[in-house]
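Fold and contact review
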Amino acid sequence: MENQRKPIVFSGIQPSGRLTIGNYLGAINNWIPMEETHDCIYSIVDAHAITVRQEPKALREATLRLLATYIAAGLDPKKNIMFIQSHVPQHFELAWILNCYTMFGELSRMTQFKDKSSKNADNINAGLFTYPVLMASDILLYQTDDVPVGGDQKQHVELARDIANRFNGLYSDTFKLPNPVIGKKSAKIMSLQEPDKKMSKSDKNEKSIILLTDTDDQIIKKFKSAVTDSLGQVKYCDEQPGIKNLITIYSIATGKTIEEIELEFEGKGYGDFKMAVGTAVADMLRPVRTKTDELLKNKDYLEEVYKEGAERAARIAQRTLDKVQRKIGFIHR
Ligand code: ATP
Ligand code: LTN
């Protein structure tokens, strides 16, 4: 049918540092094809980022860089809504309300909270604890169908679904129930030095992570020193987590299947393979890096994009917020 509504997508990334290929492959790269099939809304979630201490100047820079990266990676601001979370206060208004419909026990079970509170033992603030409620608000405000994220966020999207279900059950249908959409290959890109750990932008060891700002030489050097094993064969299996991770990355970067890759490197050493992965990733990231730097020189354009994005987002968000406020008994202003 011609004017049937497209399903709605919402996702976001925190401007909490420089992006890694984990963020790129696990999130942004999967967003690109969705602009044809979905109505997409992407946020730069600065309010989430402050659950961990941020230097104000660095936060401002990372926020703009992230918007520039979204565009440079191929998201068209005309087709997608892109905005900075703190510009749409409806997120915070809904978050307070939903806090009152979320249980302490539910939040205590969130893996990311346990993880981040052990890493930031001197700053286990209430925001870090209630962060999944803000994320649920992000998602539910837009009547979102699909939430494309890396595997680590599945638990949070499921919580958003539980909160929505609870609210709908207490009142009447108010929120759409969202689904996590997780790339099969890209769900969890692993650290290059400790391939049993997720690649994470907060990793102190720069050799473990490929940053979107890395130069070609840095990328190739990091892949050359990636941890492998002593089996000496390019085979996709759990016994070789380092090689498995490199095959995954190479497969996404080149579009080749696992079987094609195993065949391509049959009888060849790890040296050749690592060089090929490094080169493929450098080729993939070069245009994104160059375009991001170019866009960052045009602050007026970026401002136009985020202002228009916030206006469009706020209009949609307000409709849901009005409904929620009415249902719980707040008097209309
Ligand atoms: P931090 O390490 O500081 O917690 P992060 O690298 O996990 O940050 P986020 O802003 O929390 O970054 O995540 C942005 C998006 O990237 C999310 O959808 C997340 O699931 C995805 N993502 C992050 N790391 C990976 C990874 N290693 N593999 C696949 N997806 C990832
Ligand atoms: N919690 C996510 C970032 C995030 C998000 C969202 C993702 C905040 N709000 C809404 C999808 C939808 C993270 O840490 N990666």
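Residues numbered from 1 in each chain as written. Chains lettered and ligands numbered in written order. Predicted model: local features only at pLDDT ≥ 70, side-chain atom pairs only at ≥ 80, totals over all residues. Heavy atoms only, no water.

1. So, the overall build of the chain
For the chain, the count of helices and strands is 14 helices and 5 strands. Computed over the C-alpha atoms, the radius of gyration of the chain is 21 Å, within 12% of the 20 Å expected from 2.2 N^0.38 for a compact globule of 333 residues. Principal-axis analysis of the C-alpha atoms places the extent of the chain at approximately 70 × 50 × 45 Å. Taken over 333 residues, the chain has a buried fraction of 50%. Considering only contacts within the chain whose residues lie at least 6 apart along the sequence, 75% involve residues at least 24 apart. (Helix = DSSP H or I, 4+ residues; strand = E, 2+ residues; numbered from the N terminus. Rg over C-alpha atoms; globule rule 2.2 N^0.38 Å. Buried < 20%, exposed > 50% of the residue type's maximum accessible area, 1.4 Å probe, protein only. Contact = heavy atoms within 4.5 Å.)

2. Some points on the packing of helix H10 (residues 216-224) against helix H13 (residues 270-296)
Packing of H10 against H13 brings their axes to within 8 Å, and their N-to-C directions diverge by 150 degrees. Between H10 and H13, the angle is such that the two are roughly antiparallel. In this structure, H10 crosses over H13, and the sense of that crossing is right-handed. For the pair formed by H10 and H13, the contact residues are Asp216, Ile219, Ile220, Phe223 and Lys224 on the first element and Lys274, Met275, Val277, Gly278, Thr279, Val281, Ala282, Leu285, Arg286 and Arg289 on the second. The residue inventory of the contact of H10 with H13, partitioned by class, reads 8 nonpolar, 2 polar and 5 charged. (Axes fitted to C-alpha atoms, helices over the stretch in contact; angles between N-to-C directions. Parallel < 35°, antiparallel > 145°, perpendicular 65-115°, else oblique. Left-handed = near helix turned anticlockwise from the far one by under 90°. Nonpolar A, V, L, I, M, F, W, Y, C, P; charged D, E, K, R; others polar.)

3. Observations regarding H10
Restricting attention to buried positions, one finds in H10 the residues Ile219, Ile220, Lys222 and Phe223. Axial view of H10: buried residues confined to an arc of 160 degrees, hence all on one face. In H10, the exposed residues that point more than 90 degrees away from the buried face are Asp217, Lys221 and Lys224. Next to the buried residues of H10 lie helix H1 (21-31), helix H11 (241-254) and H13. (Arc of directions from axis to C-beta.)

4. Some details on the site of ligand 2
Within the structure, ligand 2 sits among 14 residues, and Gln14, Tyr131, Met135, Asp138 and Gln153 are positioned closest to it. Contacts to ligand 2 include Tyr131, whose side-chain N or O atom sits 2.4 Å from a nitrogen atom. Contact with the protein chains removes 92% of the 360 Å² of surface that ligand 2 exposes when unbound. Elements supplying a minimum of two residues to the shell around ligand 2: strand S1 (8-13) and helix H8 (126-140). (Near = heavy atom within 4 Å. Polar contact = N/O pair within 3.5 Å; in protein donor to acceptor, adjacent residues only side chain to side chain. Areas by Shrake-Rupley, 256 points an atom, 1.4 Å probe, with all protein chains shown as cover.)

5. A look at helix H4 (residues 56-73)
End to end, H4 covers 25 Å across 18 residues, agreeing with the expected 26 Å (1.5 Å per residue, within 8%). For H4, the full list of buried residues reads Leu59, Ala62, Thr63, Leu64, Leu66, Leu67, Ala68, Thr69, Tyr70, Ile71, Ala72 and Ala73. Immediately beyond the C-terminal end of H4, within one or two residues, lies Gly74, with a positive phi of roughly 125 degrees. (Expected span 1.5 Å × (residues − 1).)

6. Focus: the packing of aromatic side chains
Evaluated as defined, the whole model comprises 14 aromatic pairs. Each residue in the set Tyr101, Phe167, Tyr171 and Phe175 is aromatic and connected to the rest through ring pairs, giving one cluster. (Phe/Tyr/Trp six-rings, centres within 6.5 Å; stacked < 30°, edge-to-face > 60°.)

7. Remarks on the pattern of salt bridges
One pass over the full model with this rule turns up 21 salt bridges. The salt bridge involving Asp145 is made with Arg5; its shortest N-O contact spans 3.7 Å. In this pair, Asp145 is assigned in the loop between H8 and strand S4 (146-148) and Arg5 in the segment before S1, connecting sequence segments 140 residues apart. Residue Asp145 is classed as buried on the basis of its relative accessible area of 12%. Between Glu264 and Lys256 there is a salt bridge, with its nearest N and O atoms 3.0 Å apart. For Glu264, a relative accessible area of 28% corresponds to the partly exposed category. Overlapping salt bridges bring together Asp216, Asp283, Arg286 and Arg289 as one network. (Salt bridge = Lys/Arg side-chain N within 4 Å of Asp/Glu carboxyl O.)

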